[in-house]
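# An overview of the molecular structure
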Amino acid sequence: MAAICSLFIINKSGGLIFYKDYGSSGRMDTNDSLRLASLWHSMHAISQQLSPVVGCAGIELLEADTFDLHCFQSLTGTKFFVVCEPGTQHMESLLKFIYELYTDYVLKNPFYEMEMPIRCELFDLNLSQAIQKDRVALLGR
C-alpha cells in the first residue's frame, strides 16, 4: 500500500482546484472529494479563529486511526493537503516541494487562470515524479 493516499489543492475561497488519488483502496467520486475539500477548508478557518494561540495558522496535522492529514497553507491562502498512512514522516517537506512545483509550473503558466482547476501537463508530470521519489525514499528508510 502507498504511503501517500491522495493530494488536494484548495484555492483561497475553498474550491477544489486539484485532486489526485495515489491509494489503491478505491478512489473517491467527484462529489466526495469536493465535500472533503470544502469541509477541510471550513475546519481550517474555524480552527484559526478558535485557537487560544495568537497568530495561529490553522490545523497543520490531523491524526486518525487509519490516516494522517497534513496541510500546508501558502501566504496567498491556497491550501495543499495530503492524506497518508498513519505515522508517515517528512510530509511537511513534500508539501512545500509540491508548492514549489505549483508556483513553477502552474502560476507561471500564461494560460492558467487564478482560482480555476489546474490543467497543466508539466505540473502533473513533475508531481508524479516527486511522489514517486518520495515513495522510493520511504521504502529506503
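The text that follows walks through the structure, step by step, so that each part is easy to find. Owing to the predicted nature of the structure, the values given are computational and were not obtained by experimental measurement. (Residues numbered from 1 in each chain as written. Predicted model: local features only at pLDDT ≥ 70, side-chain atom pairs only at ≥ 80, totals over all residues. Heavy atoms only, no water.)

## Remarks on the overall build of the chain
The cut-off we apply is this: By definition, any uninterrupted DSSP run of H or I lasting at least four residues is a helix, any uninterrupted run of E lasting at least two residues is a strand, and each is numbered from the N terminus. The quantity called the radius of gyration is restricted to C-alpha atoms. Its globule counterpart is 2.2 Å times the number of residues to the power 0.38. For every residue, the accessible area obtained with a 1.4 Å probe (protein chains only) is divided by the maximum for its type, and the residue is called buried under 20%, exposed over 50%, and partly exposed between those limits.
Across its full length, the chain carries 3 helices and 5 strands. Mapped from its N terminus to its C terminus, the chain presents α and β elements in the order β-β-α-β-β-β-α-α. Computed over C-alpha atoms, the radius of gyration of the chain comes to 15 Å, within 12% of the 14 Å expected from 2.2 N^0.38 for 141 residues, which places it in the range of a compact globule. For the chain, the spread of C-alpha atoms along the three principal axes comes to 40 × 40 × 30 Å. Within the chain, the fraction of its 141 residues that count as buried is 38%.

## Looking at the environment of F18
Along the chain, F18 falls in strand β2 (residues 16–21). Each C-alpha atom, one on F18 and one on F8, is 5.7 Å from the other, the two residues being 10 residues apart in sequence.

## Some thoughts on the pairing of strand β4 (residues 68–73)
As a reminder of what qualifies: Two strands form a pair only when DSSP identifies at least two bridges running between them.
Within β4, 5 of the 6 residues are buried, which leaves it mostly tucked inside the rest of the structure. Bridge count for strand β3 (residues 61–63) against β4 is 3 bridges, and the pairing is antiparallel. Bridge pairing links L62 to L69 in β4. The turn linking β3 back onto β4 is made up of 4 residues. Hairpin remark: β4 followed by strand β5 (residues 79–84), antiparallel, with 5 residues in the connecting loop; positive phi at G77, about 95 degrees.

## Side note on the nonpolar core
The criterion, for reference: The term nonpolar core refers to a set of buried residues drawn from Ala, Val, Leu, Ile, Met, Phe, Trp, Tyr and Cys, joined through side-chain atoms within 4.5 Å. Any two residues having at least one pair of non-hydrogen atoms within 4.5 Å are treated as being in contact.
In this structure, L7, Y102, I118, F123 and L127 are the most contacted members of the largest nonpolar core, which totals 24 residues. Listed by contribution, the elements that provide at least two residues to this core are β1 (4–10), β2, β5, α2 (91–107) and α3 (121–140). It is α2 that provides the largest number of residues to this core, a total of 7 residues. If we skip the residues at most four places from it in the chain, I118 touches I9, I17, F18, Y102, V106, Y112 and F123.

## Quick look at the side chain of H41
Note that H41 resides in helix α1 (residues 30–50). Note on H41: relative accessible area 17%, which makes it buried.

## Digging into the packing of aromatic side chains
What characterises a pair of aromatic rings is the spacing of the ring centres plus the angle enclosed by the ring planes. Put simply, the rule is: A pair of aromatic rings is counted whenever rings of Phe, Tyr or Trp (Trp by its six-membered ring) have centres within 6.5 Å, and the orientation is called stacked for planes under 30 degrees apart, edge-to-face for over 60 and tilted otherwise.
Throughout the structure, instances matching the rule amount to 9 aromatic pairs. Among the aromatic residues, ring-to-ring pairing joins F8, Y19, W40 and F81 into one connected group.

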